[in-house]
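Chains, contacts and geometry: an overview
What follows is each chain in one-letter form.
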There are 2 protein chains.
Amino acid sequence: MPPLSHAVILTGDRPTGPLHLGHYVGSLRNRVALQHSHDQYLLIADMQALTDNAGDPGKVRRNVIEVALDYLAIGIDPACSTICLQSALPALAELTLLYLNFVSVARLERNPTIREEIATRGFGRDIPAGFLCYPASQAADITAFKAELVPVGADQAPIIEQTNELVRRLNRQIGHPLLPEARALIPPIGRLPGVDGKAKMSKSQDNAIPLSASDADIAAAVQRMFTDPGHVRATDPGRVEGNVVFTYLDAFDPDPDAVAALKAHYRRGGLGDAALKERLVAILQTTISPIRERRATLAKDPDFVVDVLRAGTARARGRTERTRREVTTGLGLFDLHSPASSA
Amino acid sequence: MPPLSHAVILTGDRPTGPLHLGHYVGSLRNRVALQHSHDQYLLIADMQALTDNAGDPGKVRRNVIEVALDYLAIGIDPACSTICLQSALPALAELTLLYLNFVSVARLERNPTIREEIATRGFGRDIPAGFLCYPASQAADITAFKAELVPVGADQAPIIEQTNELVRRLNRQIGHPLLPEARALIPPIGRLPGVDGKAKMSKSQDNAIPLSASDADIAAAVQRMFTDPGHVRATDPGRVEGNVVFTYLDAFDPDPDAVAALKAHYRRGGLGDAALKERLVAILQTTISPIRERRATLAKDPDFVVDVLRAGTARARGRTERTRREVTTGLGLFDLHSPASSA
């Protein structure tokens, strides 16, 4: 894929817990690189977090600051990227409500991502209406920023597809291509497994390494890491596939040739898990410690974090409100938002 | 029911067509009376109109002004009542989206009003998501204004019930009764039938008398009016029940004793439809002509109408935004809407 320079990227996270190494590999690291060549918006999706956390808004509130801290700690530069808060951008709610009229209940229920998540969360018929509607909310987010690239995991691709269906329907009715179609940007490295070998790293599964992990936390997590159950003695030949330590080395080791040599040695036999884990511990400590230290420094100045969020949100408000106005007037609706707007 | 003086009333209309005599009897006339003793908001519900008119936003736009004209023409005084536009009140969209997380899809589908309207409109599974969600939108409208009284037809009572369910759930989670429960104000006179005798007067059924009807239009409509098919000659005894002319006389004749005498005469025989209709024509012309004339004068000054709408919307914006902030902070969410808001 050729680089789409200065293209608009919308990305973000649901503030339901601190970010961890899985996020770092899957997206955060990439955002730090992309921010210099793209117009990048990082949306802290607190309204979306509420779709399955309505009973605990306090958790969502706390994690807004935690996620903003994580962003700044990994090297997101507020001068290059815009960090903003979903609930403080009314145009997103307004566009969501508008878009819900352009999509049927049946179409929302057919969305594979929604279907899978309904099953995973065990909602059944008690699914909150907001959860069923969240593809319209994501379409509002993406189009309000006129995002051209949206970094998502492969499992989220149907959301982009549904957004683009709405974009085509709206552009057809408006009569010109006001809204761009978005392209999914699938991250180069797939999902990082949990330390226990489960497919997904997740705080709730207690198999994640948070970005605030201490050196001791990291060492303990790597000690727990799933390797090859058949590799009992160091002299035994070992399996590399499904061996979480090698998956992590692939993701984090700066020397891929050395990792290839280690894999060959492990397969032959004669390389113990302890030596491998020691290498991984050092690499992860080197990766995380500057993040953790920057995070700790920033956490001492919460006003600064809020100021960054406030400034980014103000910038995003202008952009999203402009799009809302364009969509409203493009559809031929009455726009009476501001004294300056034309009737 | 004892009068609830200075209580807050929220009422309004979907701008999908000009208002007619059915609206006048069922609600408009009452609003003119209520505006002096209540804090009354008239919401022109253009976002709700879109839930089943997404393909024709131009119709909704045009009728925003028509409905505002109707309000002013019947005697709504912008100094007493606040006329405002739903789409220009972002807090309503924001609260709607928030409330959707507190209600299940199953609960929305169980709403009798929604079920009946889905059947009437023949939506089936292709129901727009916005239509399914509109009880949450009405709950947002009602609570954003902290309305205590909501004039609705008996068929809309389940919407108030669903609003109050949400109010109780939110107040419980907030920890104090921030939002008042609303009470349905069922109009003293039931639904006015169409001139053809059908249960509902509706522009789409071509059985309505609009508030802009000319004297000739009124005479023609009354001529078409359904009476008693068995009352062939004036000397025959006639039926009063189901006789649309009498239903209209009950609703509009300022002299109920005279109407009672006419009913007795009609039942005995000897009173022709022509004489009755002549009386009704005169009464309706007297009712409508000042409205029509005021409407024609106002229609020459569309800027004035827009100014009224703009001023009312600005006032409503303050009120609804304040409630949104109270709900947001009451639930313990982050509120980053304005530079002045506390983090």
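Below is a summary of the structure that appears in this document. (Residues numbered from 1 in each chain as written. Chains lettered and ligands numbered in written order. Predicted model: local features only at pLDDT ≥ 70, side-chain atom pairs only at ≥ 80, totals over all residues.)

1. Describing the overall build of chain A
For chain A, the count of helices and strands is 14 helices and five strands. In terms of overall dimensions, chain A is globule-like: its C-alpha atoms have a radius of gyration of 22 Å, near the 20 Å expected for 343 residues. The buried share of chain A, taken over its 343 residues, is 49%. (Helix = DSSP H or I, 4+ residues; strand = E, 2+ residues; numbered from the N terminus. Rg over C-alpha atoms; globule rule 2.2 N^0.38 Å. Buried ≥ 20, exposed ≤ 12 C-beta atoms within 10 Å, placed from the backbone.)

2. Side note on the environment of Pro 128 of chain A
Following the sequence through the fold, Pro 128 of chain A ends up in the loop between helix H6 (112-121) and helix H7 (129-132). For the pair Pro 128 of chain A and Ala 54 of chain A, spaced 74 residues apart in sequence, the C-alpha separation works out to 9.0 Å. Leave out the neighbours within four places in its chain, and Pro 128 of chain A touches Thr 51, Asp 52 and Ala 54 of chain A together with Leu 100, Asn 101 and Ser 104 of chain B. (Contact = placed C-beta atoms within 7 Å.)

3. So, the interface of chain A and chain B
Tallying the contact residues gives 47 residues for chain A and 47 residues for chain B. Tallied by class, the residues present in the side of chain A that touches chain B amount to 31 nonpolar, ten polar and six charged. (Nonpolar A, V, L, I, M, F, W, Y, C, P; charged D, E, K, R; others polar.)

4. Description of unusual backbone geometry
Residue and element names in this part refer to chain A. You will see that Lys 146, though not glycine, has its phi angle at about 50 degrees, which is positive. Within the fold, Lys 146 resides in the loop between helix H8 (134-144) and strand S4 (149-151). The phi torsion at Asp 206 lies on the positive side, around 55 degrees, for a residue other than glycine. The residue Asp 206 is located in the loop between strand S5 (183-185) and helix H10 (215-223) in this model.

5. Re the nonpolar core
Counting residues in each nonpolar core, the largest one holds 208 residues, and the members touching the most others are Ala 68, Tyr 99 and Cys 133 of chain A together with Ala 68, Tyr 99 and Cys 133 of chain B. What Cys 133 of chain B contacts, discounting residues up to four positions off in sequence, is Leu 100, Ala 129 and Cys 133 of chain A together with Leu 100 and Leu 108 of chain B. (Core = buried A, V, L, I, M, F, W, Y, C linked by C-beta atoms within 7 Å.)

6. Here we look at the packing of helix H11 (residues 244-252) of chain A against helix H13 (residues 273-299) of chain A
Residues and elements named next belong to chain A. The N-to-C vectors of H11 and H13 enclose an angle of 40 degrees; their axes lie 10 Å apart at closest approach. Compared by their axis directions, H11 and H13 come out oblique. Crossing handedness for the pair H11 and H13: left-handed. Residue-level contacts link Val 245, Tyr 248, Leu 249 and Phe 252 of H11 to Leu 276, Lys 277, Leu 280, Ile 283, Leu 284 and Thr 287 of H13. For the contact of H11 with H13, the residue count by class is eight nonpolar, one polar and one charged. (Axes fitted to C-alpha atoms, helices over the stretch in contact; angles between N-to-C directions. Parallel < 35°, antiparallel > 145°, perpendicular 65-115°, else oblique. Left-handed = near helix turned anticlockwise from the far one by under 90°.)

7. A word on the pairing of strand S1 (residues 8-13) of chain A
Remember that side chains alternate between the two faces of the sheet whenever the strand is regular. Residues and elements named next belong to chain A. Where burial is concerned, most of S1 is hidden: five out of the six residues are buried. Direction of pairing for S1 relative to strand S2 (residues 39-44): parallel, over a ladder of six bridges. Counterpart to Ile 9 in the pairing with S2 is Gln 40. (Pairing = 2+ DSSP bridges.)

8. Regarding the pairing of strand S3 (residues 81-85) of chain A
All names here are of chain A. Counting buried positions along S3 yields five of five residues, so the element is predominantly enclosed. Side-chain alternation along S3 places Ser 81, Ile 83 and Leu 85 on one buried face and Thr 82 and Cys 84 on a second face that is also buried. Looking at chain direction, S2 and S3 are connected through five bridges and run parallel. Note that in S3 the partner of Leu 43 across the bridge is Cys 84.

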